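Coordinate inspection notes
What follows is each chain in one-letter form.
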Amino acid sequence: MFDAVANLHHLCFPHKPWSADDFADLKKSGCDIIASQNGFVVWRLVADEAEIITVGVHPDARRGGIAAAMLTLVENDVKKRGGKKIFLEVAENNRPARVLYERNGFTQIGIRPKYYDGVDAVLMEKKL
Ligand SMILES: CC(C)(COP(=O)(O)OP(=O)(O)OC[C@H]1O[C@@H](n2cnc3c(N)ncnc32)[C@H](O)[C@@H]1OP(=O)(O)O)[C@@H](O)C(=O)NCCC(=O)NCCS
């Protein structure tokens, strides 16, 4: 059931692909998943705080607004269910993702030094 999203994840994160079983486990653990032919996002809402776990768009479909649209869907769902904040972490050197999140209202609230194989993680938040 999660083969297609695992294949897409592999294209987006070739050095750290997640398997279909990984996605099934995320779903079982209470995460929500939106997946289409060209994009996916996984998030979890606990109490009134949500965390975006991963987001990716097919390399051939980027810069078409898919990620921004998926963030809006997540935000609307989180709001509807009483969520007040969304958190995420992004590698400091991942410029496309950092610009995407900044343009969509996320602000930096901290740094986790050397979190991703020696690269800092930037912790971001959006208050809803
Ligand atoms: C980051 C990623 C999800 C963006 O997906 P996308 O569908 O191309 O993003 P959008 O088209 O919705 O972009 C929205 C805005 O984000 C910014 N943005 C997106 N990609 C960008 C890039 N390569 N360089 C600079 N800004 C970028 C732009 O402001 C863009 O608006 P614009 O196109 O009108 O200028 C995609 O590049 C991807 O899958 N990367 C690999 C996986 C990854 O790094 N995921 C995030 C992990 S935290």
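See the structure above.
First things first, this report covers the structure right here in the doc. As the structure is a prediction and not an experimental result, all values here were calculated from the model.

Digging into the overall build of the protein chain
- Looking only at helices and strands, one finds four helices and six strands in the protein chain.
- If you list the helices and strands of the protein chain from N to C, you get α-α-β-β-β-α-β-α-β-β.
- By principal-axis analysis of the C-alpha atoms, the protein chain measures approximately 35 × 35 × 30 Å.
- Within the protein chain, buried positions represent 41% of all 128 residues.
- Counting only contacts in the protein chain whose residues sit at least 6 apart along the sequence, the fraction spanning at least 24 positions is 49%.

Details of unusual backbone geometry
- Of note, the phi angle at Ala47 is positive, near 55 degrees, even though the residue is not glycine.
- Residue position: Ala47 is located in the loop between β2 (39-46) and β3 (49-57).
- Of note in the backbone geometry, Asp117 takes a positive phi value of approximately 45 degrees without being a glycine.
- Examined against the element boundaries, Asp117 turns out to sit in the loop between β5 (107-116) and β6 (119-127).
- Residue class for Asp117 comes out exposed when judged on its relative accessible area of 71%.

Re helix α1 (residues 3-12)
- Of the residues making up α1, those classed as buried are Val5, Ala6, Leu8, His9 and Cys12. All buried residues of α1 project into a common sector of 160 degrees when viewed along the axis, lining one side. Those residues of α1 that are exposed and aimed more than 90 degrees away from the buried face are Asp3, Ala4 and Asn7.

Topic: the environment of Met1
- Among the secondary structure elements, Met1 is positioned in the segment before α1.
- Note: C-alpha distance between Met1 and Leu123 (122 residues apart in sequence) is 31 Å.

Analysis parameters
- Residues numbered from 1 in each chain as written.
- Predicted model: local features only at pLDDT ≥ 70, side-chain atom pairs only at ≥ 80, totals over all residues.
- Heavy atoms only, no water.
- Helix = DSSP H or I, 4+ residues; strand = E, 2+ residues; numbered from the N terminus.
- Buried < 20%, exposed > 50% of the residue type's maximum accessible area, 1.4 Å probe, protein only.
- Contact = heavy atoms within 4.5 Å.
- Arc of directions from axis to C-beta.

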